[in-house]
Amino acid sequence: MIQEIFPGIFADNKKIYTKDSSGAYRLWNPITSKLSAALHKRLKQTFLKANDVVLYLGASTGTTVSHISDIVGEQGFVFAVEISPTVCRELVFLAEERQNIAPILADANQPQTYADKIKDVDWLYQDIAQKNQVEIFLKNLRFVKKNSHAFLIIKARSIDATKEPKQIFNDVREQLQQDTEIVQEINLEPYKKDHVMFVCKKN
Amino acid sequence: MQFRQLREQTIIETKQKIKQSVGEDTLIIQAATTLETLTTVTNTLIEKLRMWCELYNPEFSHETKDNKTFVDAIANTKTTQKKETMGGKLEEKDITAIQNFAKTIQQISATQQEILKYAETKLKNNCKNILEILETTLTAKLLILAGSLKNLAMMPASTIQLLGAQKALFKHLKEGAKTPKYGILATHPLVEKASAKNKGKTARILASKIAIAAKVYYFKGSFIFDQLKKEIKQKIP
């Protein structure tokens, strides 16, 4: 029995789906997508609904992007930023298929390079494995409307492979609390090792 | 829809950027990674061929240690069984199957040689400074690890020295194991020849000269390998 658990997101017993434009359910794999993993780990709220404008940093080949594009629907829009030309090719093909994705080949560490294209973002999602991932997140927070929500996935190994992940997450939490209010924090075990998703609300 | 024009524009722009990202670098690295894969693949295939062939003629496989002569012999001529062979009785079509497989391996090896030549000329045109210090395969491996010529030029010598030793490096940082002395450079003839005590030193000298070579070529485009080679000779203990 499939039920709608959040706007645009459906679930039966143990699996999560989104609905594409033809109305068919598409399975959302928690192993290939960290947002799906968070949903499996009892994310309280997605804060994402139809017609939203989304900024997605670290889009890669666009697996998660395609599901978010399903959720926001034809009236919504997704800006997908990716730095590597190799995986961006796949993303361009996806954007050509779907009317609500704009692929941007740029470095998320330098938001000024794509600032002219982006405005009024309702929802920010960042999944970048870089040493300064928190800094990148705070830089890009300026695109987001006030009181909107932003999702940040922290990969502890990228920040410092030698420190305890718990210690790193504590540091990140402190850094985030200066500019945002943390709504929820989810450890993505067993789907991803040493990953934590922070759900933030912009002050 | 408000974003329609913007979307079309970004798609065109991104396509253009992806198009421009293809350069000599990417071609070299693609050739180098293909070479690496081909080497491992041919080794596995030859192993398979030997196992197959040993059903029929184990003595011949035992006598011919060299892989190339072994594959050529199987592909070109029908090997005959010895009188007191351990091999089983095979039909004509079984032997032809083995022979065809050997021919495929021959073709793959030929392609490998072609790609090696292609990579060599590419490297000569693009990073002669490094190529003169290391040889082709090592240069290619170093480039794969670095990612691109630009990355290699930006790297400090200490990073180049440890390229390919990431696992040992993190073990050192995390668990306090001994510091690694060399990564991929361990396969360089000079490092291989050096005594155990001097291996680290040699790797360090090589790495520092490679760093200079990469930087000079990338930012200036001039060749200084003669001087660098001389310096390496002088400094190596």
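Structural notes, computed from the coordinates. (Residues numbered from 1 in each chain as written. Chains lettered and ligands numbered in written order. Predicted model: local features only at pLDDT ≥ 70, side-chain atom pairs only at ≥ 80, totals over all residues. Heavy atoms only, no water.)

Description of the pattern of salt bridges
Residues and elements named next belong to chain A. For the record, the criterion: Definition used for salt bridges: Asp or Glu carboxyl oxygen within 4 Å of a side-chain nitrogen of Lys or Arg. Working definition: helices are DSSP H or I runs of at least four residues, strands are E runs of at least two. Numbering for both runs from the N terminus.
Overall, the coordinates contain 15 salt bridges over all chains when judged by the stated rule. With a closest N to O distance of 2.8 Å, Arg98 and Asp70 form a salt bridge. Pair noted here: Arg98 is in the loop between helix H3 (85-97) and strand E7 (101-105) and Asp70 is in helix H2 (residues 63-72), with a separation of 28 residues, a long-range link. For Arg173, the salt bridge is made with Glu185, and the minimal N-O distance between the two is 2.7 Å. Of this pair, Arg173 sits in helix H6 (residues 165-177) while Glu185 sits in strand E10 (residues 180-187), and the two are twelve residues apart along the sequence. Here the residues in one salt-bridge network are Arg26, Asp70 and Arg98, joined through shared partners.

What about the sheet that holds strand E1 (residues 3-6) of chain A?
All names here are of chain A. Condition: If DSSP finds at least two bridges between two strands, the strands pair. Comment: axis = line fitted to C-alpha atoms, over the contacting stretch for helices; angle = value between 0 and 180 degrees taken between N-to-C directions.
The sheet built from four strands is open, its strands ordered E1-E2-E3-E4 with antiparallel pairing. A single partner strand is all that each edge strand has here, and the edge strands are E1 and strand E4 (25-27). Neighbour-to-neighbour, the strand axes of the sheet open up by a mean angle of 45 degrees, direction not taken into account. Bridge analysis of E1 against strand E2 (residues 9-11) gives three bridges, and the strand direction is antiparallel. Bridge pairing links Glu4 to Phe10 in E2.

Points about the interface of chain B and chain A
To be explicit about the condition: In this analysis, two residues are considered to be in contact whenever any of their non-hydrogen atoms come within 4.5 Å of each other. Under the rule applied, a polar contact is a pair of N or O atoms within 3.5 Å (in protein, one hydrogen donor and one hydrogen acceptor; residues adjacent in sequence only if both atoms are side-chain atoms). Residues are grouped as follows: nonpolar covers Ala, Val, Leu, Ile, Met, Phe, Trp, Tyr, Cys and Pro; charged covers Asp, Glu, Lys and Arg; every other residue, Gly included, is treated as polar.
Each partner contributes residues to the interface: chain B has 16 residues there, and chain A has 25 residues. Counting every contact that joins chain B to chain A gives two salt bridges. For Glu13 of chain B, the salt bridge goes to Lys117 of chain A, with nearest N and O atoms at 3.0 Å. Our count for the contact surface shared by chain B and chain A stands at eight residue pairs in polar contact (both at pLDDT 80 or more). Here the element with the most residues in the side of chain B that touches chain A is helix H1 (residues 4-20) of chain B; it accounts for nine residues. Among the residues making up the side of chain B that touches chain A, the classes are represented as eight nonpolar, three polar and five charged.

Details of the sheet that holds strand E9 (residues 144-155) of chain A
Strand order in the open sheet formed by seven strands is E7-E6-E5-E8-E9-E11-E10 (chain A), and the pairing between neighbours is mixed. Among the strands making up the open sheet, the edge pair consists of E7 and E10 of chain A. Within this sheet the neighbouring strands show an average axis-to-axis angle of 15 degrees, counted without direction. Docked against the sheet, H6 of chain A engages E9, E10 and strand E11 (195-202) of chain A, running at close to 10 degrees with respect to E11 of chain A. Against the sheet, H1 of chain B engages strand E6 (77-82) and E7 of chain A, with an angle of about 35 degrees to E7 of chain A.

What about the packing of aromatic side chains?
Cut-off, in case you're wondering: Any two rings among Phe, Tyr and Trp, with Trp reduced to its six-membered ring, count as a pair given centres within 6.5 Å; such a pair is stacked if its planes are under 30 degrees apart, edge-to-face if over 60, and tilted if neither. We call a residue buried when its accessible area falls under 20% of the maximum for its residue type, exposed when it is over 50%, and partly exposed in between, using a 1.4 Å probe and counting protein chains only. Consider the ring centre and the ring normal. A charge sits over the ring if Lys NZ or Arg CZ is within 6 Å of that centre and within 35 degrees of that normal.
Scanning the model with the defined rule gives 14 aromatic pairs over all chains in all. Each ring, one from Phe60 of chain B and one from Phe70 of chain B, has its centre 5.9 Å from the other, and the planes form 25 degrees; the classification is stacked. Separated by ten residues along the polypeptide, Phe60 of chain B in helix H3 (residues 58-63) and Phe70 of chain B in helix H4 (residues 67-76) bring together distant segments of the chain. Neither Phe60 of chain B nor Phe70 of chain B differs from the other in exposure class; each is buried. Measuring from ring centre to ring centre gives 5.8 Å for Tyr217 of chain B and Phe223 of chain B, while their planes differ by 25 degrees; the resulting arrangement is stacked. Judged by its relative accessible area of 23%, Tyr217 of chain B is partly exposed. Among the aromatic residues, those joined into a ring-pair cluster are Tyr56, Trp123, Tyr125 and Phe151 of chain A. The ring of Phe70 of chain B is capped by Arg50 of chain B, whose NZ or CZ atom sits 4.3 Å from the centre of that ring. Above the plane of the ring of Phe223 of chain B lies Lys128 of chain B, whose end atom (NZ or CZ) is 5.9 Å from the centre.

Focus: the side chain of Lys202 of chain A
Residue and element names in this part refer to chain A. Our working definition: His residues and chain termini do not enter the charge count, which takes Lys and Arg as positive and Asp and Glu as negative.
As for its placement among the helices and strands, Lys202 is situated in strand E11. Of the side chains bearing the opposite charge, Asp179 lies closest to the buried Lys202, which forms no salt bridge; the N-O distance is 8.7 Å. Reaching out from Lys202, the side chain makes a polar contact with the backbone oxygen of Leu141 at a distance of 3.1 Å.

As for the nonpolar core
All names here are of chain A. To be explicit about the condition: As used in this record, nonpolar core signifies buried Ala, Val, Leu, Ile, Met, Phe, Trp, Tyr and Cys residues forming a set joined through side-chain atoms within 4.5 Å.
Ranked by size, the top nonpolar core spans 37 residues in total, and within it Ile68 and Met197 carry the most contacts. A per-element tally of this core places H3 first, with five residues. Residue contacts for Ile68: discarding those within four places in its chain leaves Leu35, Leu48, Val54, Tyr56, Val78 and Trp123. Counting 35 residues, the second-largest nonpolar core is a separate cluster that includes Val53, Phe79, Ile128 and Leu152.

That's the geometry; what it means functionally is another story.
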